[in-house]
Amino acid sequence: MTNTSAPPALTQAITLGGGCFWCTEAVFVRVKGVLDVESGYCNGHTLKPTYADVCTGETGHNEVVRLVYDPRVISLREVLEIFFVIHDPTTLNRQGNDAGTQYRSGIYLSNEADREVAQQVLDEVNAAMSGRVVTELKTLDNYSAAEDYHQDYFEANPHQGYCAFVVAPKVQKFVKTFADKVKQG
């Protein structure tokens, strides 16, 4: 019998909002199988907003990271399991001291075929957290990359106050919790 199913795509993309994109990016650049991480904005109504625009809370955009990953190395389920450990999906429009709609928890799909897995993981996390999860699951819309100075921010500024006291502990939590998923070298 001939296998008529298409081979798995070499890469997949998913966009995640988990508070400040500096934190989320700093973790996912360290994940085995994640090939590219880009900080950006999505699901708002303004075309190509700036960071200053998004910070007003009036654009509807979320601070996100767009991940390109190799599904032969890491599955979408594993990406989402990491995502739910490194941020608090139960706080509406807030992560720690960062407050506003641009810090909401969200999963934004580039591929509608990912919805089933994303919904299943979301439901499991919600059940484990007694129904308190506020993460939105939507199709990716109106995405644009953040300004260049936001890209690889933690790598360039590890001793900056926010990076040292907010980002670094999230990176450490990832490394401790998912040691087998950390890139080597």
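Residues numbered from 1 in each chain as written. Predicted model: local features only at pLDDT ≥ 70, side-chain atom pairs only at ≥ 80, totals over all residues. Heavy atoms only, no water.

Draft legend 1. The arrangement of the overall build of the chain in detail. Broken down by element type, the chain carries six helices and eight strands. Of the regular secondary structure in the chain, the N- to C-terminal order runs β-α-β-α-β-α-β-β-β-α-β-β-α-α. By the compact-globule yardstick of 16 Å for 185 residues, the chain fits well, its C-alpha radius of gyration being 16 Å. Expressed as lengths along the three principal axes of its C-alpha atoms, the size of the chain is roughly 60 × 40 × 35 Å. Residues classed as buried in the chain amount to 45% of the 185 residues present. (Helix = DSSP H or I, 4+ residues; strand = E, 2+ residues; numbered from the N terminus. Rg over C-alpha atoms; globule rule 2.2 N^0.38 Å. Buried < 20%, exposed > 50% of the residue type's maximum accessible area, 1.4 Å probe, protein only.)

Draft legend 2. Broad picture of the pairing of strand β2 (residues 34-42). Pairing of β2 with strand β3 (residues 62-69), which is carried by eight bridges, proceeds in the antiparallel orientation. Across the sheet, the residue bridging to glycine 40 is valine 64, located in β3. Strand direction decides the pairing type here: β2 and strand β8 (residues 144-145), joined by two bridges, are antiparallel. When the sheet's bridge partners are listed, glycine 40 is paired in β8 with alanine 145. (Pairing = 2+ DSSP bridges.)

Draft legend 3. A look at the nonpolar core. Within the largest apolar cluster, 44 residues are counted, with the highest numbers of intra-cluster contacts made by Ile14, Leu16, Phe28, Leu67, Ile82 and Ile107. Sorting elements by how many residues they give to this core places helix α3 (residues 76-86) first, with seven residues. With near-sequence residues (within four places) excluded, isoleucine 14 lies in contact with Val65, Arg66, Leu67, Tyr69, Leu76, Val79, Ile107, Tyr108 and Leu109. (Core = buried A, V, L, I, M, F, W, Y, C linked by side-chain atoms within 4.5 Å. Contact = heavy atoms within 4.5 Å.)

Draft legend 4. Main features of the sheet that holds strand β1 (residues 12-18). Pairing in this open sheet of six strands is mixed, and the strands run β7-β6-β1-β3-β2-β8 from one edge to the other. The open sheet has two edge strands with one neighbour each: β7 (136-139) and β8. Lying on the sheet, α3 is in contact with β1, β3 and β6 (105-109); it crosses β1 at an angle near 15 degrees. Contacts between helix α4 (residues 115-128) and the sheet are confined to β6 and β7, with β7 contributing the most and set at about 170 degrees to the helix. (Axes fitted to C-alpha atoms, helices over the stretch in contact; angles between N-to-C directions.)

Draft legend 5. Region of the structure containing the packing of α3 against α4. Packing of α3 against α4 leaves a shortest axis separation of 10 Å and a crossing angle of 35 degrees. Considering the relative orientation of α3 and α4, their crossing is right-handed. Contacts between α3 and α4 pair Leu76, Arg77, Leu80 and Phe84 from the former with Val117, Ala118, Gln120, Val121, Leu122, Glu124 and Val125 from the latter. Among the residues making up the contact of α3 with α4, the classes are represented as eight nonpolar, one polar and two charged. (Left-handed = near helix turned anticlockwise from the far one by under 90°. Nonpolar A, V, L, I, M, F, W, Y, C, P; charged D, E, K, R; others polar.)

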